[in-house]
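# Architecture and fold: a report
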Amino acid sequence: MPVRVSEFSWQQTPAAIFLSLPLRGVCVRDADVFCGESYLKVNFSPFLFEVFLYAPIDDGNSKAKIGNDMIFFTLYKKEPVMWETLSMPGVDKEMMQRIREKSILQAQEKAKEATEAKSAAKREDQRYTLGVMMKIEEEERKKIEDMKENERKKATRELEAWKECQRQAEEQKRIPRKEKCQRGRQAEERGALKPPSLPRKAPPTRLPERGKNWENIFSEKLKEDSIPAPRSAGSIQISFTPRVFPTALRESQVAEEEEWLHKQAEARRALSTDLPEFCDLKEEEKNPDWLKEKGNKLFATENYLAAVDAYNLAIRLNSKIPLLYLNRAACHLKLKNLHKAIEDSSKACKIMKLHLRSTQPTQLYRMMQRRFGI
């Protein structure tokens with residue numbers, strides 16, 4: 001329980017109260033002071049000093065000074081009158097409690113108002129700072145825009161000056177052309193006005209001395225006499241012999257080509273008789289080469305199933321082309337049908353072996369170059 005301090009001294013004037021309170025050897029940092037309109041408390045453990053003032057004071061302007069183990073209070077009165085005593089007379093415990101609570105509430109309200117005022121001042125400062133920054137940025141932006149506009153005007157003036165220079169240069173070039181054309185027209189008019197019966201005077205010719213170019217005396221005359229008249233316009237009709245093979249006739253083997261065409265015709269006749277379900281196909285769809293190209297295009301677009309169907313139809317039409325089996329094997333390899341890929345590769349190898357046995361190497365190379373494009 002704190003020890004109440006009763007030793008203090010005070011003086012007054014009509015405007016203020018001067019109060020001195022000894023600290024009794026307590027450190028200044030441990031002193032806690034609370035001041036309200038009607039209540040004053042100093043807590044420096046284990047001592048406690050409190051006084052319920054006789055009349056209200058201006059706690060906002062009142063002061064406290066600590067030094068030399070003393071606390072000096074300067075309390076300004078709200079009304080300039082002389083007090084009879086420092087403390088309020090006839091105060092019981094309930095009244096003391098009410099005065100304490102009232103002083104605490106007033107202090108809290110003042111602290112809240114001070115905090116709000118401080119926050120409002122801070123916001124106002126921030127708003128003012130933001131306005132100043134926006135103004136500075138606006139000035140900088142305006143300055144940049146002005147610089148851009150000046151540069152644009154400068155570039156426009158330079159461009160116009162360059163265009164003017166170009167136009168003047170064109171005018172200067174055009175003037176000699178006009179003069180030359182006018183001189184040519186005037187010369188033509190003068191020539192037309194001269195009577196045809198008058199002989200044309202030839203300019204005096206100066207014979208060149210015998211030297212390096214003495215043989216060119218009659219060269220210009222000869223050149224004028226040797227220029228032929230322009231030919232009349234016409235058209236030439238050219239017709240080409242239709243050919244199945246893309247090579248020129250002089251580069252091909254006529255006998256082998258005719259043999260190949262004969263075999264193709266026999267294959268188509270056999271196809272129409274042996275495979276009647278192919279009769280509804282178009283003429284190009286019955287050609288294995290066309291089906292091979294179609295399968296190659298489908299393979300390039302990653303449509304492997306359709307490519308397999310094209311190669312199947314081509315193999316049914318002509319089963320002796322090894323490239324069809326190889327292409328179908330590539331499609332099966334993409335589709336992960338490894339067994340079918342191995343079968344088609346084996347068939348292609350067998351067909352190639354038969355061709356090697358029955359055909360000379362050079363003839364085989366030419367045949368493969370014509371048929372398979374290798």
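In case you missed it, the structure is sitting above this.
Summary of the structure given here. Fair warning: this is a prediction, and the values are worked out from it, not measured in the lab. Residue positions are given per chain, counted from 1 along the sequence in the order it is written. pLDDT decides what is reported in this predicted model: residues at 70 or higher carry local features, side-chain atom pairs at 80 or more are listed and counted, and totals for whole chains, interfaces and linings draw on all residues regardless. Side-chain calculation: all heavy atoms of the structure are included, whereas hydrogens and water are not.

## Focus: the layout of surface pockets
Its boundaries defined by the atoms lining it, the second largest pocket holds a volume of some 250 Å³. Along the wall of the second largest pocket there are 14 residues; nearest its centre are F49, E50, V51, F52 and S87. Under the scheme used here, helices are H or I runs from DSSP no shorter than 4 residues and strands are E runs no shorter than 2 residues, and both carry numbers assigned from the N terminus. Looking at the lining of the second largest pocket, the element that brings in the most residues is strand 6 (residues 47-52), giving five residues. Residues were grouped as follows: Ala, Val, Leu, Ile, Met, Phe, Trp, Tyr, Cys and Pro as nonpolar; Asp, Glu, Lys and Arg as charged; and all remaining residues, including Gly, as polar. Tallied by class, the residues present in the lining of the second largest pocket amount to ten nonpolar, two polar and two charged. Of the two site types, the cavity is a set of points on a 1 Å grid over the protein atoms alone where a 1.4 Å probe fits but cannot get out, and the pocket is an open set with protein on both sides within 12 Å along at least five of seven lines, each lined by residues with an atom within 4 Å of a point. Grid points are joined across faces, edges and corners, and a volume is the space filled by probe spheres set on the points.

## Focus on the sheet that holds strand 4 (residues 32-35)
With mixed pairing, the four strands of this open sheet are ordered in space as 1-6-5-4. Edge positions in the sheet fall to strand 1 (3-4) and strand 4, since each has one partner strand and no second. Pairing geometry for strand 4 and strand 5 (residues 39-44), over four bridges, is antiparallel. Counterpart to V33 in the pairing with strand 5 is V42. DSSP-based pairing: two strands are paired if at least 2 bridges between them are found.

## Re the packing of helix 4 (residues 288-300) against helix 6 (residues 322-334)
Close contact between helix 4 and helix 6 brings their axes to 11 Å; oriented N to C, the two are set at 20°. The orientation of helix 4 relative to helix 6 falls into the category roughly parallel. Handedness of the helix 4/helix 6 crossing: left-handed. Residues K292, N296 and F299 of helix 4 touch helix 6, and the partners they reach there are L323, L324, N327, A330, C331 and K334. Residues belonging to the contact of helix 4 with helix 6 are distributed by class as follows: five nonpolar, two polar and two charged. In this description, a line fitted to the C-alpha atoms serves as the axis of each element, helices being fitted only across the stretch in contact, and the angle between N-to-C directions of two axes falls anywhere from 0 to 180 degrees. Each angle gets one of four labels, with under 35 degrees taken as roughly parallel, over 145 as roughly antiparallel, 65 to 115 as roughly perpendicular, and the rest as oblique. The hand of a helix crossing depends on one turn: near helix anticlockwise from the far one by less than a right angle means left-handed, and clockwise means right-handed. Residue contacts are counted whenever heavy atoms from the two residues lie within 4.5 Å of one another.

## Section: the environment of I71
Considering the arrangement of structural elements, one finds I71 in strand 8 (residues 70-76). Judged by relative accessible area, I71 falls into the buried class, the value being 0%. Distance from I71 to V33, taken between C-alpha atoms, is 9.8 Å for residues 38 residues apart in sequence. Setting aside chain neighbours within four positions, we find I71 in contact with L19, S20, L21, L23, V42, K65 and I66. Type-normalised accessible area, obtained with a 1.4 Å probe on protein chains alone, sets the label of each residue: buried when under 20%, exposed when over 50%, and partly exposed for intermediate values.

## Here we look at the pattern of salt bridges
A pair is scored as a salt bridge if a Lys or Arg side-chain nitrogen falls within 4 Å of a carboxyl oxygen belonging to Asp or Glu. Scanning all chains against the criterion turns up ten salt bridges. Across the pair K78 and E37 runs a salt bridge whose closest N-O atoms are separated by 2.8 Å. Taken together, the residues span a long stretch of sequence, with K78 in the loop between strand 8 and helix 1 (93-193) and E37 in the loop between strand 4 and strand 5 at a distance of 41 residues. Looking at K78, the relative accessible area reads 46%, which means it is partly exposed. Between E50 and R100 there is a salt bridge, with the nearest N and O atoms lying 2.8 Å from each other. Residue E50 is found in strand 6, and its partner R100 is found in helix 1; the two are separated by 50 residues along the sequence. Members of the salt-bridge network, linked through shared partners, are R4, E50 and R100.

## Notes on the packing of helix 5 (residues 304-317) against helix 6
Their axes nearest at 9 Å, the elements helix 5 and helix 6 cross at an angle of 155°. When the interaxial angle is binned, helix 5 and helix 6 end up roughly antiparallel. By crossing handedness, the relation of helix 5 to helix 6 is classed as left-handed. Residue-level inspection shows Y304, A307, V308, Y311, N312, A314 and I315 of helix 5 in contact with helix 6, the latter providing L324, Y325, N327, R328, C331, H332 and K334. Of the residues in the contact of helix 5 with helix 6, the class split is nine nonpolar, three polar and two charged.

## What about the pairing of strand 2 (residues 9-12)?
By the bridge criterion, four bridges tie strand 2 to strand 3 (residues 16-22) in an arrangement that is antiparallel. The residue bridging S9 from the neighbouring strand is S20, located in strand 3. What sits between the antiparallel neighbours strand 2 and strand 3 is a turn of three residues.

## Here's the deal with the packing of aromatic side chains
Whether two aromatic rings pair depends on their centres lying within 6.5 Å, for rings of Phe, Tyr and Trp, where Trp uses its six-membered ring; planes under 30 degrees apart make the pair stacked, over 60 edge-to-face, and the rest tilted. Summed over all chains, the structure comprises five aromatic pairs. On the numbers, 6.1 Å between centres and 55° between planes, the contact of F34 with Y39 is tilted. Ring centres of Y39 and F52 lie 5.2 Å apart, and the angle between their planes is 40°; this geometry places the pair in the tilted category. Residue Y39 is located in strand 5, and its partner F52 is located in strand 6; the two are separated by 13 residues in the primary sequence. Accessibility expressed as a relative area gives 4% for Y39, which makes it buried. A connected cluster of aromatic rings, assembled from ring pairs, spans F34, Y39 and F52.

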